[in-house]
Structure formats: C-alpha cells, structure tokens
Amino acid sequence: MIVISSTVPNIEAILVKSFQKYAPVGSFCTVDSPEAEQATTAACWFPDLEKLQQLPKLGLIHSIAAGVEHLNLNEIRPDQAVCRVLDPHHQKGMFDYLLWGVLYFQRYFDRMIQQQKQQLWKQYRQSYSQHIQIGIMGLGHMGAYVAEHLADMGYQVSGWANSPKEIDQVKSYVGSEQLSDFLAQSQILINLLPLTEDNTSILSAELFQQLPEQAALIQVGRGQHLIEQDLLAALDSGHLRGAIVDVFEQEPLPAEHPFWQHEKIIVTPHVASHAPMSVVVEQILENDHRFKQGLQLCHQVDVNKGY
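Below you will find a few notes about this structure. (Residues numbered from 1 in each chain as written. Predicted model: local features only at pLDDT ≥ 70, side-chain atom pairs only at ≥ 80, totals over all residues. Heavy atoms only, no water.)

Time to look at the overall build of the chain. Counting its secondary structure elements, the chain contains 9 helices and 12 strands. Expressed as lengths along the three principal axes of its C-alpha atoms, the size of the chain is roughly 65 × 40 × 30 Å. Sorting the 307 residues of the chain into buried and exposed places 52% on the buried side. Of the roughly 15400 Å² of accessible surface on the chain, a fraction of 50% belongs to carbon and sulfur atoms. When the 20 basic and 34 acidic side-chain charges of the chain are each reduced to a single mean position, those positions are 8 Å apart. (Helix = DSSP H or I, 4+ residues; strand = E, 2+ residues; numbered from the N terminus. Buried < 20%, exposed > 50% of the residue type's maximum accessible area, 1.4 Å probe, protein only. Areas by Shrake-Rupley, 256 points an atom, 1.4 Å probe, with all protein chains shown as cover. Lys, Arg positive; Asp, Glu negative; His and termini not counted. Charge placed at Lys NZ, Arg CZ, Asp CG, Glu CD.)

Attention now goes to the sheet that holds strand β10 (residues 215-219). Reading across the sheet, the 7 strands line up as β8-β7-β6-β9-β10-β11-β12 and stay open at both edges, with parallel pairing between neighbours. This sheet does not close on itself; its edge strands, each paired only once, are β8 (170-174) and β12 (265-267). Each adjacent strand pair in this sheet contributes to an overall mean axis angle of 15°, direction not counted. When strand β6 (residues 133-137) meets strand β9 (residues 188-191), the two strands line up parallel, connected through 4 bridges. Looking across to β9, one finds that I136 is bridged to I190. Sheet contacts for helix α3 (residues 88-106): β6, β9, β10, β11 (240-245) and β12; angle to β11, the most-contacted strand, approximately 155°. (Pairing = 2+ DSSP bridges. Axes fitted to C-alpha atoms, helices over the stretch in contact; angles between N-to-C directions. Contact = heavy atoms within 4.5 Å.)

Quick look at the pairing of β11 now. Taking burial as the measure, the 6 residues of β11 include 6 buried ones, the bulk of the element. Two elements, β10 and β11, share 5 bridges in a ladder whose sense is parallel. Its bridge partner being in β11, I218 is matched across the sheet by I244. With helix α8 (residues 228-236) bridging β10 and the parallel β11, this β-α-β connection has right-handed handedness. The sheet contact formed by β11 and β12 spans 3 bridges and is parallel. Looking at β12, one finds that I244 is bridged to I266. (Right-handed = clockwise from strand over helix to strand, strands pointing away.)

All right, on to the environment of Q123 then. Along the chain, Q123 falls in the loop between α4 (109-117) and β6. For Q123, a relative accessible area of 65% gives the class exposed. Considered as a pair, Q123 and F248 are 125 residues apart in the sequence and their alpha carbons are 34 Å apart.

This next bit is on the nonpolar core. One finds I136, L150, I190 and I218 to be the most contacted residues of the largest nonpolar core, which totals 32 residues. Those elements giving two or more residues to this core turn out to be α3, β6, α5 (141-152), β7 (156-161), β9 and β10. Residue contributions to this core peak at 8 residues, all from α3. Sequence-distant contacts of I190, defined by excluding residues within four places in its chain, comprise L98, V102, I134, G135, I136, M137, L150, I218 and V220. By size, the runner-up hydrophobic cluster in this structure holds 27 residues, among which are L203, L211, L235 and F259. (Core = buried A, V, L, I, M, F, W, Y, C linked by side-chain atoms within 4.5 Å.)

This paragraph deals with unusual backbone geometry. Look at the link from E251 to P252: it is a cis peptide, with omega at -5°. You can see P252 is positioned in the loop between β11 and β12. You will see that Q119, though not glycine, has its phi angle at about 55°, which is positive. One can find Q119 in the loop between α4 and β6. Relative accessible area serves as the criterion here: at 78%, Q119 is assigned to the exposed category.

Pairing between the strands of a sheet is mediated by backbone hydrogen bonds and can be parallel or antiparallel. Across the sheet, 5 strands lie side by side as β2-β1-β3-β4-β5; this open sheet has parallel pairing. With one partner strand each, in any of the chains shown, β2 (28-30) and β5 (81-83) form the two edges of the open sheet. Looking at each pair of strands side by side, their axes are set apart by 25° on average, direction ignored. Set on the sheet, helix α1 (residues 9-22) makes contact with β1 (2-6), β2 and β3 (41-45); between it and β1 the angle comes to about 155°. With respect to the sheet, helix α9 (residues 277-293) is in contact with β1, β3, β4 (60-63) and β5, its orientation differing from that of β4 by roughly 165°.

Okay, structure coming up:
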C-alpha cells in the first residue's frame, strides 16, 4: 500500500488524481485513511512526517520529484529508506529550458527586449556556441546530462561538484578549493545543485564577484541557494548582465517582489522541468514492490549527503 502525503493541498489533489489514473485500484490511500495503517511506502511532497511516522509498516519515504530537501531528512528514521524520481523526460525538459536560457543571452535577446521598449534599432554581431563558456554547478543526474549535451553542441562547458566527474568534453572542478577557478571562466552560470546544508545561500555577493564582468545566471536549483538581495545588487551594479530565475525561497513569488519588475531578470514559475505523472506513479509503485520483496531500490538517496 502506498500512502499519499503532502501539506500542499493542490499537490495532494494532483497526486490522488494521478494515482487514480495510473495505479491499480486499492494500491494507494491518503494519510488520513484507515488503510494507511497498511502502508509500506509514502509518496511525498512536503509531507506530514508526524502523521507518517505513526504508520507501523512504513519503511520507504519516496519523493515525487528529483529533489528531497522538502522531506526534512533529519526527521526520517534510520531504518527508513528514501528514494526520488529520476526520468529521461525530466532531463530532456531541463536541457530544453537551459538551452533556451543560454540562447537568450548568447544571441542578445535580453538586450533586444529592452531595445524594443525604447524603439531602438541596434544589431549585435552573432555569437556562436564555441565562443560561450558555460559553468554548471552540480554534475549529478541532471547536471551531467545538461553538460554533456551542451558540450556536444560546441559550447565550452565546465562543471563544479563535490567529487570528480568524468564527462566527455567537460572540464571538471572539484570542491571549495577549485570554486574560484571554475567561476572565473563562467560567462553563463547554471545552478543545478541539490540543496544541502553546505550550499544553502551559495549564490551570494561573494560568488557573484568571482564571475566575469557581464556574466549571466540561470538559477534552476533551489530557491534557498540564492540570496535574492545579493543578486539584485550584482545586477544593479552592472557586474552581472542578467538572470533567469525559476525557483524561489517563497513560492508563489509574492506580487510585490522586486524580481517581477526588474528589467534584467526573467521570472518563470518553477517550470524548468517536471517528470510526467505517469512516470512518477510508475517509479513509486516499482519501488514499493521492491521494498516489500527486499530488492535493491531504484534511485535511493544517501540521507547523509542529501542527494
């Protein structure tokens, strides 16, 4: 039995509808149902962990997304496994979004949008992929895919992670001691890091100052990675050229937030990429089966690392 748990009302409703559509009848329930006592796996997004931990048979906490920071890993028991959803459709969706972001800056569309408002006709010399240095923070399941495919298109791609990565045509930087060198050559910085205690607020004034003059940021990691006021200051000073931001510490982004009206910021409402709900349900069902059979789980998370 799979129990659905989310403290976000619309997410819980979406999950219930998705399981009704893609899962066998009787294979799932909500956390307040009597059947929850038989649940072995929880399908979660910002779950009610207090209620979940009262379920006697629950042994697997399953995120409905690639991220797991919403699970509050510190409150999950040592005897409980944690898994996440990883999917090629999710990777391709993220790559498409980021390629659009790269082209937005590469082909000077940011400047042309401002020129249109001024009725200003000014052309820019075309820039090609081999001229663009892209730095990707995070080379996991998603970051490695994006790095490899951008490199295949001729971009100069570098990646930064906590451990060495070997990706064809991608220069790898490792750890805090190599962060400055990585940032210094990143004309377009893409954040795809998972959220951990160590990298919370990593997108800060100190980091922005290490980027080249007129660098651009594409922020698709987690909202808590970014110190928003530091980004505004870096843009207003002219050091950074622009930013595309898809994730925010507070979502939905409040109407009075300065990002909405800033001429150098593109806001998108956390839409960079989503796995299809059919895949989400399929992977959770498969892992529930594996858990009950004592088999190796798919996409299990190292709770100590947070990813």
